[in-house]
Amino acid sequence: MSIERGFDVPLVAEMALREKQIQQNYRPIIGVHKWFARRPGTLFRGLILAEFSDRRLEDAFFQANDFPGLRIADPFMGGGTPLIEANRVGCDVDGFDINPMSAWIVREEIESIDIDAYRQAADALRSALRNEVDRYYRTSCPIHGDEDVPVKSFLWVKVLNCEACGGAMDLFPGYLLAENRRHPRSVLVCPGCGDLNEVEDRKSPGFCKTCGDILRQTGPARRGRCDCPHCGHSNSYPRGSNGPLDHRLFAIEYHNPERKAGHKGRFFKKPDDQDIARMSAAARRWKGMTAGFVPDERIPAGDETARLHRWGYSRYHEMFNPRQLLGLELSCRLIAEVGNERIRRALATNLSDLLRYQNMLCRYDTMALKSLDIFSVHGFPVGLVQCESNLLGIANGSGSNVGSGGWSNIVDKYVRAKRYCETPYEVRHDGSRKQRVAIQGERIGETRNGARREVSLRCGSATRAALEPNSLDAVFTDPPYFGNVQYGELMDFCYVWLRRLAGEEAEGLESPSTRSADELTGNVTQDRGIEQFAEGLSEVYSRMADALKPNAPLVFTWHHNRIEAYCAVGCAILDAGLVCSASLPCPAEMGGSIHIHGTTSSIVDTVFVCRASGEAPEEWLFESQERLVEIVGADLALLAVAGRKATHGDTRCIVFGHLTRGAVWRLRSGWDRYRSAAEKIAALHDGMTSYGDPEEIARLAAAAEAADERPFFAPGTAPPGERVHRAVSF
């Protein structure tokens, strides 16, 4: 079949929406290690099956598929989703990424492991670590008098010394510790004595039960200033030249397994003298050690790391407190002693992923009552209140984890991920009923039913990829997002640890940083703009196009708020000698993500299907704004069937996608790839805007869809497989 004929937007969009809400339940393989903005596995499975299967997509999706001999490439493999989905259905795969963490993670995802042997080694590590540090993660329960219970989270507030009097002040932005959603009552920190008060109405909280001070939600630290409680002087922060600010432990959330059944809500307490003594003991022990694995590397300048520098962080290890450094150093030492190389690499991967929760940039979610990992907003968020999770993790009586961010959580995630590789499944929904469908016969790994599949993963720029002509049956990829999300800068946070632990036993780890001047992202610090992005993307797409077999597709997902980013994409398509035969909408991000929620960003990608030759559905072509409005309205209707009521941001991105496709179609015959990038981008911009203002087109399309004014011949209204009645060859 082909994607143009067989892709079912409502089917795949509905599954993609569900997957992105709880992605680890639909694709547990993501639990191997954090990667950013992973696209839904259901989307790429749908695209691969629509292109290569002879069955209706709805049937093929929930059955085993095997396409031996097909070769699929991804020049920007990132977290590996397209390659994993292709490998799962029997294809050979070629992956490229300039970031060495990508190559490491995707290799860990696909490469098989003896799960039982891994679990045994992980349990031994946790047992040895428990003997070393468990005593630093215990507390007493003041409610019931129990002396030795595990701590889930330590909560810290940044401390500033007054410029005038030298007195210390807590930089509380607010005194709310817990909302009354997952806890019976709201919990407020007393601004006077620091005691914890549970209140019915946090808008009128009354007085502290201990000292009688007035309780309030609003703290003194606001917009980089805080008035000294001792002398009233207005102090500014941060003070980067003085180094990172100190922290003070002000609250603890703990777990009391023996009392939990009879206790409503969580267990909170103000730290007592023993809690402070435990922290001090850990700090003394760390001070007396010689670090072998804790990185001492400087944090280089960058768009994201500039925030760290403003807050006084100059070296990576400064983002951890002594207890965390102690536990992480001991963890690394235990991992380094593991004899089995495959298991040692798995545990090193676990340690790298664990770092997200074991640092002093994690924040505490007062509604969900849990730690937010450092990358929850795809940046380095330096807050005023930080959350330190239990390094070991806590399991309840049934073996399930209590809380997050510890070794037990990371190991369980990894085991689920690798078991999914052995026995992958899909989730089918029938109304409110959810059924897990085992796909017998598919497998993620180097072999399947005894037959070996080639898995080639290379750390390097795809602009220099050397592939044989006519060697690829398809390219599926999610290219870099042109914008200010610097994944290389963020991944260095994990990489500097992984590199010390793993040595140089994997390709790419010889580099001191994951960053590269050849990254295809906009970057102010490295003076990379839209023209450099367009040129790099063109080079990659051209190399991939040269390796494609006749009529084979190059398929990629894309969304952005700026039309210039689409112009760059259009240039790359034309420079590669390709034409857009389809631009399809599909949800690809979670609307509730912290970095998206409440913004105008879209969660809907355009899936661009590009070929050097083939056929394009005639009804998908347009020469007027009116026809484009109809096409976009039809896309919105398909998304509505899938359960996504498109936002204006979604609609705008869909419009940009069709405008890109239309401009490519019109400009292809006289395109000169040897013009300057600026000239080519301008040509795309003129071609896209010739249909009118994209914002107005988005508004008209949304209004037409809401009024149900779509014509009967709108794209996508015919069943998949019967969609192309008339086609235009190119």
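(A) Structural view of unusual backbone geometry. A cis amide bond links Tyr237 with the next residue in sequence, Pro238, at an omega value of -5°. In this fold, Pro238 is placed in the loop between strand 10 (234-236) and strand 11 (246-254). The backbone phi angle of Leu369 is positive, close to 55°, even though this residue is not glycine. Tracing the sequence through the fold places Leu369 in the loop between strand 13 (363-365) and strand 14 (370-372). Leu369 gets classed as buried once you look at its relative accessible area, which sits at 3%. In this model, Asn470 sits at a positive phi of 60°, which is unusual for a non-glycine residue. Turning to its location among the elements, Asn470 is positioned in the loop between strand 22 (455-459) and strand 23 (474-477).

(B) Structural view of the sheet that holds strand 1 (residues 71-74). The strand order 22-2-1-23-24-26-25 describes an open sheet built from seven strands, whose pairing is mixed. Because the sheet does not close on itself, it has two edges, and the strands there are strand 22 and strand 25 (579-587). Between one strand and the next, the sheet's axes are offset by a mean angle of 20°, whatever the strand orientation. Contacting strand 2 (92-97) and strand 22, helix 7 (residues 100-110) runs over the sheet at an angle of about 160° to strand 22.

(C) The pattern of salt bridges, seen in detail. What the rule picks out here adds up to 64 salt bridges. Measuring nitrogen to oxygen at the nearest pair gives 3.9 Å for the salt bridge that ties Asp195 to Lys209. With Asp195 in the loop between strand 7 (186-189) and strand 8 (196-199) and Lys209 in the loop between strand 8 and strand 9 (225-227), this pair connects stretches of sequence that are 14 residues apart. You can call Asp195 buried: its relative accessible area is 17%. Where Lys413 meets Asp353, a salt bridge forms, and the shortest distance between an N and an O atom there is 2.9 Å. Note that Lys413 is positioned in helix 13 (residues 407-422) and Asp353 in helix 12 (residues 341-354), a separation of 60 residues in sequence. Residue Asp353 is classed as buried on the basis of its relative accessible area of 0%. One continuous salt-bridge network, built from bridges that share partners, spans Arg27, Arg45, Glu85, Arg88, Glu426 and Glu442.

(D) The nonpolar core, seen in detail. Formed by 88 residues in total, the largest nonpolar core has its most connected members in Tyr118, Leu351 and Trp497. Among all residues touching Leu351, those that are not within four sequence positions of it are Leu328, Ser331, Cys332, Ile335, Trp407, Trp497 and Leu501. Membership of the second largest hydrophobic core comes to 68 residues, among which are Tyr541, Ala572, Phe608 and Phe622.

(E) Highlighting helix 6 (residues 81-88). Counting buried positions along helix 6 gives eight out of eight residues, so the element sits mostly inside the fold. Every buried residue of helix 6 is accounted for by Thr81, Pro82, Leu83, Ile84, Glu85, Ala86, Asn87 and Arg88. Among the residues trailing helix 6, Gly90 stands out with phi positive, at a value near 95°.

(F) Local environment of the confidence of the model for the protein. Averaged over all residues, the pLDDT of the protein is 93; the fraction at 70 or higher stands at 95%. Long-range and interchain partners of residues 593-599, a stretch whose pLDDT sits below 50, account for 14 contacts in this model, where long-range means more than four residues apart. Confidence drops under pLDDT 50 across residues 711-716; counting only partners more than four residues distant or on other chains, this segment forms 16 contacts.

(G) Layout of the sheet that holds strand 8. Pairing in this open sheet of three strands is antiparallel, and the strands run 6-7-8 from one edge to the other. Looking at strand neighbours, the two that pair on one side only are strand 6 (176-178) and strand 8, the edges of this open sheet. Adjacent strand axes in the sheet meet at a mean angle of 35°, parallel and antiparallel pairs treated alike. Note that strand 6 and strand 7 share two bridges and pair antiparallel. Considered in strand 7, the bridge of Leu176 is made with Leu188.

(H) Up close: the packing of aromatic side chains. Under the defined criterion, the tally for this structure stands at 23 aromatic pairs. Consider the rings of Phe172 and Phe250, whose centres lie 5.0 Å apart with planes at 85°: the pair is edge-to-face. Of this pair, Phe172 sits in the loop between strand 5 (168-170) and strand 6 while Phe250 is found in strand 11, placing the two residues 78 residues apart along the sequence. Taken as a pair, Phe172 and Phe250 share a single burial class, namely buried. Residues Phe375 and Phe380 carry aromatic rings whose centres are separated by 6.2 Å and whose planes lie at 55° to one another, so their mutual orientation is tilted.

(I) Quick look at the packing of helix 7 against helix 14 (residues 487-502). Put simply, helix 7 and helix 14 touch, their axes get as near as 10 Å, and they point 65° apart. Taken together, the axis directions place helix 7 and helix 14 in an arrangement best described as roughly perpendicular. The interaxial crossing formed by helix 7 with helix 14 has left-handed handedness. Of the residues in helix 14, those in contact with Pro100, Met101, Trp104 and Ile105 of helix 7 are Met491, Cys494, Tyr495, Leu498 and Ala502. Along the lines of polarity and charge, the residues of the contact of helix 7 with helix 14 split into nine nonpolar, no polar and no charged.

(J) Expanded view of the packing of helix 15 (residues 530-547) against helix 16 (residues 563-575). Where helix 15 contacts helix 16, the two axes come as close as 8 Å, and the packing angle between them is 30°. Judged by the angle between their axes, helix 15 and helix 16 are roughly parallel. Note that helix 15 runs across helix 16; the crossing there is right-handed. Contact residues: Ile530, Phe533, Ala534, Leu537, Ser538, Tyr541 and Ser542 in helix 15; Glu564, Ala565, Ala568, Val569, Cys571, Ala572, Ile573 and Asp575 in helix 16.

(K) Examining the pairing of strand 8 more closely. In this sheet, strand 8 lies alongside strand 7 in antiparallel orientation, the contact comprising four bridges. Each residue of the ladder has a partner; that of Val187, found in strand 8, is Glu198. Where strand 7 hands over to strand 8, the hairpin turn is made up of six residues, of which Gly194 adopts a positive phi near 80°.

Analysis parameters
Think of each chain on its own: its residues are numbered from 1, step by step along the sequence as written. In view of the model being predicted, local features appear only for residues whose pLDDT reaches at least 70, and side-chain atom pairs are presented and counted only at 80 or more, with totals across whole chains, interfaces and linings using the full set of residues. For side-chain calculations, the full set of non-hydrogen atoms in the structure is used, while hydrogens and water are omitted. Helix and strand labels come from DSSP, where a helix needs a run of H or I of at least four residues and a strand needs a run of E of at least two; each type is numbered from the N terminus. Relative accessibility decides the category of a residue: with a 1.4 Å probe and only protein chains considered, values under 20% of the type maximum give buried, values over 50% give exposed, and everything between is partly exposed. What makes two strands pair is DSSP finding at least two bridges between them. Every axis corresponds to a line fitted to the C-alpha atoms, with the helix fit spanning only the stretch in contact, and the corresponding angles, defined between N-to-C directions, vary from 0 to 180 degrees. A contact between two residues is defined here by any heavy atoms of the two lying within 4.5 Å. Should a side-chain nitrogen of Lys or Arg be within 4 Å of a carboxyl oxygen of Asp or Glu, the pair is scored as a salt bridge. Take the buried residues of types Ala, Val, Leu, Ile, Met, Phe, Trp, Tyr and Cys, join any two whose side-chain atoms come within 4.5 Å, and each joined set is a nonpolar core. Per-residue confidence from the prediction method is given by pLDDT, with values spanning 0 to 100. Aromatic pairs are defined between Phe, Tyr and Trp rings, using the six-membered ring for Trp, whenever the two ring centres lie within 6.5 Å; interplanar angles under 30 degrees are classed as stacked, those over 60 as edge-to-face, and all others as tilted. Any angle that falls under 35 degrees is termed roughly parallel, while one over 145 is termed roughly antiparallel, one within 65 to 115 roughly perpendicular, and all others oblique. Note on convention: near helix rotated counterclockwise from far helix by under a right angle means a left-handed crossing. Clockwise means right-handed. Polar here means any residue outside two lists: the nonpolar Ala, Val, Leu, Ile, Met, Phe, Trp, Tyr, Cys and Pro, and the charged Asp, Glu, Lys and Arg; Gly therefore counts as polar.

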